[in-house]
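Each chain, letter by letter, is given below.
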Amino acid sequence: MKLHLKIWRQKNRKAQGKLVNYTLENVNPHMSFLEMLDTLNEQLIQNKEEPVEFDHDCREGICGQCGVVINGNAHGPLENTTTCQLHMREFKDGETVLIEPFRAKGFPVKKDLKVDRSAFDRIISAGGYVSVNTGQAPEANSIPVSHAIAEAAFDSAACIGCGACVATCKNGSAALFTSAKITQLAILPQSQEERKERALNMIAQMDKEGFGHCSNTEACEVECPQGISVLNIARMNYEYNRASFLKFKK
Amino acid sequence: MKLDAKIPQGPLEEKWLNYKKTARLVNPANRKKLDVIVVGTGLAGSSVAASLGEMGYNVKSFCFQDTPRRAHSVAAQGGVNAAKNYKNDGDSVYRMFVDTLKGGDFRAREANVYRLAECSLNLIDQAVAQGVPFGREYGGYLNNRSFGGVQVSRTFYARGQTGQQLLLGTYQALMRQVDKKTVALYSSHEMLDLVVIDERARGIIVRNLETGEIEKHAAHAVVLATGGFGKIYYLSTLAMGCNGSAIWRAHKKGAFFASPSWTQIHPTSLPQSGDYQSKLTLMSESLRNDGRIWVPKKAEDTREANTIPEEERDYYLERRYPAFGNLAPRDISSRAAKERIDAGHGVGPLKNAVYLDFSKAIKEQGQAKIAEKYGNLFRMYEKITGTNAYKEPMKISPAAHFSMGGLWVDYELMTTIPGLFALGEANFADHGANRLGANSLLQASVDGYFIAPYTIANYLADQIRTGKISTDHPEFEKAVKENKEKINNLLRIKGSRSVDYYHKKLGKLLYDYCGLTRTAEGLTYAIEEIKKLREEFYKNVYVPGENDTMNAELEKAGRVADYLEIGVLMCYDALTRNESCGAHFREEFQTEEGEAQRNDVDFQYISAWEWPGSLEQEPILNKEELKFEFVQPTIRSYK
C-alpha cells in the first residue's frame, strides 16, 4: 500500500505548528497504525530528517498513552479501539491520512503529536481515591459487594485515561473521564465516606484545568476505546447536585 | 564478596514476624526530615511511594511515562494470587509457598517465598478497600479462578484487566499523597544514574524528557522499582518503553545483578508477522483451559488448518505431558513449541507459530459459552490479525515476557549498595528460575506495600542525624558531567543506522542463543557477536535531533546502549550455569526424554554478578548458596 500522510509537526509548546506532507510506500496491511508511524520514522531517520514524536507505550490498548486524531476521529475509524490496536487494513491504497494530536484547551501540545495530559492526574488527586492507608484495610470479604454493583463499578473503572473523550468533544470537556471515576467510587460501598467531597472537589478541579462543559452530544462515548457510557456523566451530575444539597443541610 | 541474605532466625512462619518485631523504627516527627527517592510507578513503585508518604517521609516519585498510571503493571491480564482459601479447597500460605518454590524449580529462597505467600492475604484486603472491582459471586463475596501449575483456585481477577485495576488502586493512593504534598511527582523523567557517596546510595541523576534538562536529586535512600528488561529481545510482550537502564546503571555503581539470563518466554503470544513488527501481544494463559495446541504431523505442511484431518494433527503437549496436557507450565509449553517449530512443523506465513484450537470446546460447550469466557480475547485477536478464531484456530508463538533475574537483594530488598533498594520485577528475589502465573502482580504489590516500608524504615533509623543530603557534592557533579558526555557522544556519532536496527539485531541474537534453549557454543558465539555489534553501534548509529528537546530516539539510544551491555552479561550467566532449571534450558543438560536436568549438587545457588569496573574485563561471579530447610528439592514432573 501507498499512503499520503499529512502530519502535525510542532517543535515545542510555544512554537507554531503546521501540517507536513509525507508519502509512505510499502505499507503492509497487517501493520498497526503505530508501526506505520515507526516505518515513517525509520524512513525519516534514513533521510537524516527529524522523526515524528508520538505517544505510545504498551501497544496493546491498555496503558492509555497512545492516541492521535486520524482523519478527524480520535483513535481513528474503528469503534472501541485505541490507536495502537488500529491496523492498516482499515485504510485504502493511495489514501490520504490526516494525523493530528489530541486537541483541547486542557491538553497543550508538547511536541508534534504528543500532548500534556497531566490535568487528568490533578483531577484524580483532587479526590479520585479512597482514603485508606496501607495496613488499615479490613478483611476483604467483610465488605460484600453485589455482583451487579461490582460489574457496574468495573465498567466505569475500565477507563484508560487516554483523553480521546476530551479530544473528540466540541467543548473539550473532561466530563466522561471525571464522571467514570466519580461513578465507580460512588456506587461501591467501601468508598462512601468521601462521596460528597469527592464529587465536588473533582468537578472543581476539572473546571479549573480549563476543560469545557458537557452539552450532551455523546460524541465521547462513541470515541471511547473502552466504551465508557455517558450514563456516567448523568451520574456525575446527580452526585454533584446531591453533594451540593447535602453540604448545606446540617 | 560474601553475600549475606540476612534471613531472620526461627521457624519459617515466624521469620517475617520476628523481623517486624525487632526492626528499628523512625519517630513520626523525624520522618519528614528523611528523603526517599522512588524510581518507577508501577505496582511496586507507586505502592511504596504512597505507603512511605502516608507514614510521613518526604518522597520523590519518578517515572518516564507521562503519568504514573501508564506503568507496565497496567498490562497484566489474568489475575493476582492470594492464599485466602475462599474456595475452601485446601489452600493455605504453606501450600502457596510450596507451589511457588516448586514452580521456580528450587532456585529461590524459602524465607522470601514464604513471606510472599504470607503477605498475599493483606494485599487483597488493601486492594478491596481501595475500591478495586474484583470479580464477585452473586452473594457479594470475592470470586477466584485457577491458573497454571497449581491445584487450587487462588487467583483474584478483575475481568481480563487485573493489572490495570490494581495499578489504578495504587496510583490513586499515590495521587492522594501527591495532593497532601508528602510525595512530589516527576512524570516524564528518566533516571540516568545513581549517585553513591561514601558507599551509600544518596541520589539520582535524571533527564527531563520534555526539556532535556539534566537534574540532580538527593535522598537518604533510593528505591528502584523499574520493572523487567525483557524488551532486550526487541520483540516481547513488554511495553515499548520498558528498559533495564536504571538497574544496569546501578549495577555499574556496585549493585550485584542476579541471574540475568532467567527470562520467562510466554507460550501464548501472537507470532511475528513481519520485520516492521514492534511488539508481540500476549493472549492470556487462561485460553489454554479450553484451547488445544497442535501442529501438522507432516513437516512443511502448507494446507489451511481446517483442511488438515484429525489424524494428521500432532497435539504435542497432550502427547508429551498427558497429566497436564495443554496446561503444562509456561517454560515447558514454550520449549515444546520451539522444538516443533524448529523441526519444520511451524505454521503461518513465517512458519513461526503453532495452532491454538477451540473447535473441540466450541463443539462441546457451544460458541456462546466460549464467547462468555474469552470473548474479549477473541475480539482482540480479530482486531490484530483480522481472523475469526471461532472459525479457525489461533496462531500463537512464544515471546519474551518476564525477567526473573534482576538486582540482587537481601531479605530486606536492599541491594549490595547500602541504601539502594530494588522492588518488584527489578529484583530477582521470589520467583526462582520460573515464575508462576498471577504471581508478578502479587510480588510487586507485596514488596511495595508490606515489605519495603518496614525494611526502609529499618535502614533510615540510623540516618536521622545525617542531615539533608546536598546535591552540591562532587559525586553529583561528576555524574552530571559523565551523563552529559554520554548523551553528547550518542548525538555526535551521526552514522547511518537507526537505533532500532541495533536493537532488532541484538534481540535476534539473544532469542536465538540465549532464549528458550541455550548451548555453550551458541552463548560463546553470542558474546562475541554482541560485543561486535556494540562496537558498530558506537561507530554507526544515527541519533537525530538535539538533547534540549523531546527526543524519543535519544531515549531509545541510551536504553539500547545499556542493552548491548546487559546482553553480554545474560550470556555469561547462562554459560556458567551448567544445568537446566526452569526457564534456563541448556541443551547439553537434558534427560533422555528431552526434559530439563537440574544439578543441585553444583548449582544450587544464585549467581550474583559484580561489575568488574570496565567492559573489557569479564564480569565477576559471586554465589549465594541456597539452603532448603523446610522443603527438599524434588524433580519437577508434569508428565
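Analysis parameters
- Sequence order as written defines residue numbering, which begins from 1 separately in each chain.
- Key to labels: chains lettered from A, ligands numbered from 1, both in the order written.
- Predicted model: local features are reported for residues with pLDDT of at least 70 only, side-chain atom pairs are reported and counted for 80 or more only, and whole-chain, interface and lining totals are derived from all residues.
- Note that the side-chain values use all heavy atoms of the structure and ignore hydrogens as well as water.
- Each helix is a run of H or I in the DSSP string that is no shorter than four residues. Each strand is a run of E no shorter than two, and both are numbered from the N terminus.
- Computation of the radius of gyration draws on C-alpha atoms alone. For the globule rule, the value is 2.2 Å times the number of residues to the power 0.38.
- Note on classification: 1.4 Å probe, protein chains only; a residue is buried when its accessible area is under 20% of the maximum for its type, exposed when over 50%, partly exposed between these limits.
- Contact criterion: two residues are considered in contact whenever any of their non-hydrogen atoms come within 4.5 Å of each other.
- The method behind every accessible area is Shrake-Rupley, applied with a 1.4 Å probe, and residues are considered shielded solely by the protein chains displayed.
- We treat Lys and Arg as the positive residues and Asp and Glu as the negative residues; His and chain ends play no part in the count.
- All charge positions are set by atom: Lys at NZ, Arg at CZ, Asp at CG, Glu at CD.
- For this analysis, a ring pair means two rings from Phe, Tyr or Trp (six-membered ring only for Trp) whose centres lie within 6.5 Å, classed as stacked if their planes differ by under 30 degrees, edge-to-face if by over 60, and tilted for the remaining angles.
- For the purposes of this description, domain bounds are those given by an automatic or database domain assignment.
- Take the accessible area each of two parts loses on contact, using a 1.4 Å probe, and add the two losses: that sum is the buried area.
- When a carboxyl oxygen of Asp or Glu is within 4 Å of a side-chain nitrogen of Lys or Arg, the pair counts as a salt bridge.
- The term nonpolar core refers to a set of buried residues drawn from Ala, Val, Leu, Ile, Met, Phe, Trp, Tyr and Cys, joined through side-chain atoms within 4.5 Å.
- Every axis corresponds to a line fitted to the C-alpha atoms, with the helix fit spanning only the stretch in contact, and the corresponding angles, defined between N-to-C directions, vary from 0 to 180 degrees.
- Relative orientations are named as follows: roughly parallel for angles under 35 degrees, roughly antiparallel for angles over 145 degrees, roughly perpendicular for angles from 65 to 115 degrees, and oblique for any other angle.
- Crossing handedness is read from the near helix: turned anticlockwise from the far helix by less than a right angle, it gives a left-handed crossing, and turned clockwise, a right-handed one.
- The residue classification treats Ala, Val, Leu, Ile, Met, Phe, Trp, Tyr, Cys and Pro as nonpolar and Asp, Glu, Lys and Arg as charged. All others, Gly included, are polar.
- Side-chain atoms alone can form a polar contact between residues adjacent in sequence; in general such a contact is a pair of N or O atoms within 3.5 Å, and within protein one must be able to donate a hydrogen while the other accepts it.
- In short, DSSP must find at least two bridges between two strands for them to pair.

Asker: Describe the overall build of chain B, listing the residues and the values that go with them.
Answerer: Each helix and strand counted, chain B has 17 helices and 19 strands in total. In terms of C-alpha radius of gyration, chain B reaches 24 Å, essentially the compact-globule figure of 26 Å for 639 residues. On the principal axes, the C-alpha backbone points of chain B span a range of 75 × 60 × 50 Å. In chain B, buried positions account for 67% of the 639 residues. The contacts in chain B between residues at least 6 apart in sequence include a share of 73% that link residues at least 24 apart. When the accessible area of chain B is evaluated, it comes to approximately 22,000 Å², of which 49% is carbon and sulfur surface. Across chain B, the mean location of the 83 positive side-chain charges is 4 Å away from that of the 80 negative side-chain charges.

Asker: Explain the packing of aromatic side chains to me, and be specific about the residues and the numbers.
Answerer: All names here are of chain A. Evaluation of the coordinates by the stated rule reveals 30 aromatic pairs over all chains. Summarising the aromatic geometry, the rings of Phe33 and Phe91 are spaced 5.7 Å apart at their centres and angled 40 degrees between planes, so their arrangement reads as tilted. Of the two residues, Phe33 sits in helix α1 (residues 33–46) while Phe91 sits in the loop between β4 (73–74) and β5 (96–100), which places them 58 residues apart along the sequence. A relative accessible area of 0% places Phe33 in the buried class.

Asker: Kindly report on the domain arrangement of chain A, identifying the contributing residues and their values.
Answerer: Residue and element names in this part refer to chain A. On domain assignment, one finds that chain A holds domain 1 (3–111) and domain 2 (118–248). The C-alpha-based centres of domain 1 and domain 2 are spaced at 29 Å. Buried area between domain 1 and domain 2, summed over both chains or domains, comes out near 1,300 Å², and the portion from carbon and sulfur atoms is 60%. If you sort the residues of domain 1 by the area they bury against domain 2, Ala74, Asn80 and Phe107 come out on top, with a joint share of 33%. Where domain 1 meets domain 2, there are zero salt bridges.

Asker: Tell me about the nonpolar core, and name the residues and values.
Answerer: Ranked by size, the top nonpolar core spans 207 residues in total, and within it Phe134 and Leu194 of chain B carry the most contacts. In terms of residue count, helix α16 (residues 552–576) of chain B provides more of this core than any other element does, 13 residues in total. Excluding residues that lie within four positions of it along the chain, Phe134 of chain B makes contacts with Ala150 of chain A together with Val80, Ile124, Ala127, Val128, Leu142, Phe156, Tyr157, Ala158, Thr162 and Leu166 of chain B. In terms of nonpolar packing, the next biggest core, distinct from the first, is built from 29 residues, Val295, Val354, Ile370 and Tyr638 of chain B among them.

Asker: Mind laying out the pattern of salt bridges, listing which residues take part and the relevant values?
Answerer: All names here are of chain B. Enumeration over the complete set of coordinates arrives at 64 salt bridges over all chains. Between Lys84 and Asp125 there is a salt bridge, with the nearest N and O atoms lying 2.6 Å from each other. One end of the pair, Lys84, is in the loop between β3 (80–81) and α4 (93–103); the other, Asp125, is in helix α5 (residues 110–130), and 41 residues separate them in sequence. With a relative accessible area of 12%, Asp125 lands in the buried category. Sharing partners across several salt bridges, the network here consists of Asp105, Arg107, Asp331, Arg577, Glu579, Arg598, Asp600 and Arg636.

Asker: Before we move on, could you go through the packing of helix α15 (residues 520–540) of chain B against α16 of chain B and cite the residues and values that matter?
Answerer: All names here are of chain B. The geometry of α15 relative to α16 is characterised by a closest axis approach of 9 Å and an angle of 160 degrees between their N-to-C directions. Taken together, α15 and α16 sit at an angle that is classed as roughly antiparallel. By crossing handedness, the relation of α15 to α16 is classed as left-handed. Residue-level contacts link Ala520, Leu523, Thr524, Ala526, Ile527, Ile530, Lys531, Leu533, Arg534, Phe537 and Tyr538 of α15 to Ala557, Val560, Ala561, Leu564, Glu565, Gly567, Val568, Cys571, Tyr572, Ala574 and Leu575 of α16. Split by residue class, the contact of α15 with α16 holds 17 nonpolar, two polar and three charged.

Asker: Please give an account of the interface of chain B and chain A that cites residues and values.
Answerer: Residue-level contacts link 77 residues of chain B with 76 residues of chain A. Across the pair Glu60 of chain A and Lys279 of chain B runs a salt bridge whose closest N-O atoms are separated by 2.5 Å. Run the count over chain B and chain A and you get 46 residue pairs in polar contact (both at pLDDT 80 or more). Among the secondary structure elements, those contributing two or more residues to the side of chain B that touches chain A are α3 (43–55), α5, α6 (162–179), α11 (367–385), α12 (440–460) and α16 of chain B. Looking at which element gives the most residues to the side of chain B that touches chain A, the answer is α6 of chain B, with eight residues. Among the residues forming the side of chain B that touches chain A, the class breakdown is 30 nonpolar, 29 polar and 18 charged.

Asker: Give me the pairing of strand β1 (residues 3–9) of chain A: which residues, what numbers.
Answerer: Residues and elements named next belong to chain A. For β1, the buried fraction is high: five of the seven residues fall into the buried class. As judged from the seven bridges shared by β1 and strand β2 (residues 18–24), these two strands associate in the antiparallel manner. Its bridge partner lying in β2, Leu5 is registered against Tyr22. With four bridges connecting them, β1 and β5 associate as parallel partners. Among the inter-strand pairings, Ile7 is bridged to a residue of β5, identified as Ile99.

Asker: Go over the sheet that holds strand β7 (residues 200–208) of chain B, please, and point to the residues and values.
Answerer: Residues and elements named next belong to chain B. Read from one edge to the other, the open sheet built from three strands follows the order β6-β7-β8, with strand pairing classed as antiparallel. Pairing within the sheet leaves two strands with one partner each, and these edge strands are β6 (189–197) and β8 (214–218). Each neighbouring strand pair of the sheet contributes to a mean axis angle of 25 degrees, computed without reference to strand direction. With five bridges joining them, β7 and β8 adopt antiparallel strand pairing. The residue of β8 that forms the bridge with Gly203 is Ala218. Sitting on the sheet, helix α13 (residues 474–493) is in contact with β6, β7 and β8, with an inclination near 140 degrees to β6.

Asker: Quick rundown of the domain arrangement of chain B? Include the residues and the values.
Answerer: All names here are of chain B. Domain boundaries in chain B define domain 1 (267–399) and domain 2 (474–605). Taking only C-alpha atoms, the centre of domain 1 and the centre of domain 2 are 30 Å apart. Facing the eight residues of domain 1 at the interface are eleven residues of domain 2. For the pair domain 1 and domain 2, the summed buried area comes to about 760 Å², and 52% of that belongs to carbon and sulfur atoms. For the pair domain 1 and domain 2, the number of links is one salt bridge. For Glu595, the salt bridge is made with Arg320, and the minimal N-O distance between the two is 3.5 Å. On inspection of domain 1 and its partner domain 2, the count reaches four residue pairs in polar contact (both at pLDDT 80 or more). Among the elements that take part in the side of domain 1 that touches domain 2, helix α9 (residues 330–345) stands out by supplying four residues, more than any other. Looking at the side of domain 1 that touches domain 2 residue by residue, the class counts come to two nonpolar, one polar and five charged.

Asker: Tell me about the side chain of Thr41 of chain B, and name the residues and values.
Answerer: Residues and elements named next belong to chain B. By the element assignment, Thr41 lies in the loop between β1 (35–39) and α3. What makes Thr41 buried here is its relative accessible area of 2%. Apart from residues lying up to four places away in sequence, Thr41 is in contact with Ser46, Ser61, Phe62, Cys63, Gln65, Pro68, Ala71, Leu167 and Leu174.

Asker: Give me the lowdown on the packing of helix α14 (residues 499–513) of chain B against α16 of chain B, citing residues and values where you can.
Answerer: All names here are of chain B. Two elements in contact, α14 and α16, have axes whose closest approach is 9 Å; the angle formed by their N-to-C orientations is 20 degrees. Relative to α16, the element α14 lies roughly parallel. Here the hand of the crossing between α14 and α16 comes out left-handed. From α14, Val499, Asp500, Tyr502, His503, Leu506 and Leu510 reach across to α16, where they touch Glu553, Lys556, Ala557, Val560, Tyr563, Leu564, Gly567, Met570 and Cys571.

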